[in-house]
Amino acid sequence: MAIKRILVVDNNPVIVKLICHFLAEEGYEVKSAADGLDAMRVLESFRPDVIFVDLIMPNISGDKLCRVIRTIPDLQGVRLVVLSAVAADVDIDFRALGADACIAKGPFAQLKGNIREVLVKFVQQPGVVGDRVLGREELHRRDITRELLNVRHYFDAILQNMTDGVVQLNREERRIVFANRAVTSMVGVAEEKLLSNDFFQYLRGEALPLLATAMDTGGPQPLILGEESSLFLGEAQVLVSLLPQAGGDGSSCWLVVQDITERKRVEDIRNRYQWQLEQEISRQTAELAQRNRELQAEVERRKKIEEDLQLSHDVLERRVAERTAEVEKLYRQLLHSEKLSAVGKLAASIAHEFNNPICGIRNVLHGLRRRLPLAGGDRKLVDMAVRECDRVARLTNDLQSFNRPTSAKTTLLDLHVALEDILLLCKKDMQNARIEVRRDFYPDLPWVKAVPDQLKQVFLNLLTNAREAIGPEGGEIQISTGLVDGEVMVRISDTGSGIAADDLAHIYEPFFSTKPAVKCTGLGLSVSYGIIQRHSGRIEVESEPGRGTSFTVWLPLTEERDKR
């Protein structure tokens, strides 16, 4: 096989000039092209025996150019040689591209030897395809080239897999230099046969002149054509977006092609049946008017039924009222049981403080009266002391008067006064536990409508829990009040042990407690929660183990809040 004519395709003008000069000195007729599209123009009038192709080029890359050439019948006998610097950095399957050989770009002296070797092999072995990349072993791999190629392949994969078509055109001749799978599917032509062809030969429609003008003039904003005036790509009706040129020399432009065939078909069907739909609406409107008249008669008939139902409803309401009264009774009993628990604790405290010493004193006095001969006046004094001991015991029993059911009668209540009453009751316990109580009361706090003893029960439960949460070393309880967004706030905070996160969700459940069973019934917070709910309020808790707990009671203001 004689080799006379050679085409060199590379976008590096220095490389092109050196290779063309070298081949011309070797006696070959040489032509060059700056990119894949330029090469297709040259091939229209020049049939080479060998084509040297760079891989990385604008306007149809080298790998796609190789595939395009292999689809052209007149160029089937042309020998293709991939001549690229990336061959030194990545593995290139040049035979899959349709190439016969591959040379890695390196020093020009070495490059000339490799080109000469390939041309000699083509003459001596016309039908043999190379099996390795020439010149690669003398070069060092560059990681940056591999990374840039990976980025290029990544973006190429994104464009190829988009559902909308993407086309890059040479602006001057409107030739295709890139087309993704969506475009080739619409046209029905493979990418190899589309590249370098005039894109406008595949378009038709009223918007085609507007697209041609827009490509000639350009503009800073995207232009969308095909919505008002029709535009077709192959058999598909499309919407074409001409993207503004961002950077570069402005020699190419990008089009995004959206297939709207199905949407337009649906719109045509909708328009076609619009009149029928309006007629149907008119007919159904008349039918609905007739039905409305019939329904009016039906309404009159059902009014009689509703009167009968009202009688049944009244009976049901009476039953509901009776059931509600039963629930109220049960609720008061629950409050009563919690109050009994509080009194039991108080009585135990008093018994600890008074009963044991009094009993001891009384026993001593009895012993003195039995063992010693006492004068008449001394015996009277001892008898009087015994009677006083009995009176102290009776006073302790009188505390049971606190253990009575609540009246559930609502009245205007000064929360500060209620809090002071409870603090007075708890004062001795707080002192014994070495607890300092701090007050931060809101000035002129509005009164609330409430059941006084129920709210006092809530405050007593919360203060008792706060006291028991503080260890023997003592601590601090802060009582704050406030007015926030139309609600009265009472917050009781302690520096105690806090509540574990797993227990927070259960603290309002009846009989749930983290304290020993002998210390409590587990009803305090459950009852308190129910009381606050019945007062249309809410109770919130914040706790951090080891740092303390804050309970906040929110109560609504009433229209009578300013009446004192």
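Residues numbered from 1 in each chain as written. Predicted model: local features only at pLDDT ≥ 70, side-chain atom pairs only at ≥ 80, totals over all residues. Heavy atoms only, no water.

**Some remarks on the packing of helix 12 (residues 415–432) against helix 13 (residues 452–469)**
Next up, step 1: Remark: helix 12 packs on helix 13, axes separated minimally by 10 Å, with the N-to-C direction vectors making an angle of 40°. Overall, the two elements helix 12 and helix 13 adopt an arrangement that is oblique. Every pair of crossing elements has a handedness; the one defined by helix 12 and helix 13 is right-handed. Facing helix 12, whose interface residues are Leu415, Ala418, Leu419, Asp421, Ile422, Leu423, Leu425, Cys426, Asp429 and Met430, helix 13 presents Leu455, Lys456, Phe459, Leu460, Leu463 and Arg467.
Next up, step 2: Residue composition of the contact of helix 12 with helix 13, grouped by class: 12 nonpolar, no polar and 4 charged. (Axes fitted to C-alpha atoms, helices over the stretch in contact; angles between N-to-C directions. Helix = DSSP H or I, 4+ residues; strand = E, 2+ residues; numbered from the N terminus. Parallel < 35°, antiparallel > 145°, perpendicular 65-115°, else oblique. Left-handed = near helix turned anticlockwise from the far one by under 90°. Contact = heavy atoms within 4.5 Å. Nonpolar A, V, L, I, M, F, W, Y, C, P; charged D, E, K, R; others polar.)

**Re the packing of aromatic side chains**
Next up, step 1: Taken as a whole, this structure holds 2 aromatic pairs when the rule is applied.
Next up, step 2: Aromatic side chains phenylalanine 178 and tryptophan 254 sit 5.9 Å apart centroid to centroid with 50° between the ring planes, which places their arrangement in the tilted category. Here phenylalanine 178, found in strand 8 (residues 175–179), pairs with tryptophan 254, found in strand 13 (residues 252–259); they are 76 residues apart in sequence, far enough to count as distant.
Next up, step 3: Directly above the aromatic system of phenylalanine 46 lies the positively charged group of lysine 31, at a separation of 5.6 Å from the ring centroid.
Next up, step 4: Seen from the ring of phenylalanine 200, arginine 174 lies directly overhead, with NZ or CZ sitting 4.6 Å from the centre. (Phe/Tyr/Trp six-rings, centres within 6.5 Å; stacked < 30°, edge-to-face > 60°. Lys NZ or Arg CZ within 6 Å of the ring centre and 35° of its normal.)

**Thoughts on the sheet that holds strand 17 (residues 475–484)**
Next up, step 1: A sheet is described by the order of its strands in space; here 5 strands give the open sequence 15-17-18-20-19, paired in mixed fashion. With partners counted over all chains shown, the strands left at the sheet margins are strand 15 (435–440) and strand 19 (538–544), one partner each. Taken pair by pair, the neighbouring strands of this sheet meet at an average axis angle of 15°, ignoring direction.
Next up, step 2: This element, helix 13, spans strand 15, strand 17, strand 18 (487–494), strand 19 and strand 20 (548–556) of the sheet and lies at about 25° to strand 18. (Pairing = 2+ DSSP bridges.)

**Notes on the packing of helix 1 (residues 13–25) against helix 4 (residues 108–124)**
Next up, step 1: Relative to each other, helix 1 and helix 4 sit at 50°, their axes nearing to 11 Å. Here helix 1 is positioned oblique relative to helix 4, judged by the angle of their axes. Of the two elements, helix 1 crosses helix 4, and the hand of that crossing is right-handed. Counted together, Leu18, Ile19, Phe22 and Leu23 of helix 1 and Phe108, Leu111, Lys112, Ile115, Arg116 and Leu119 of helix 4 form the full contact between these two elements.

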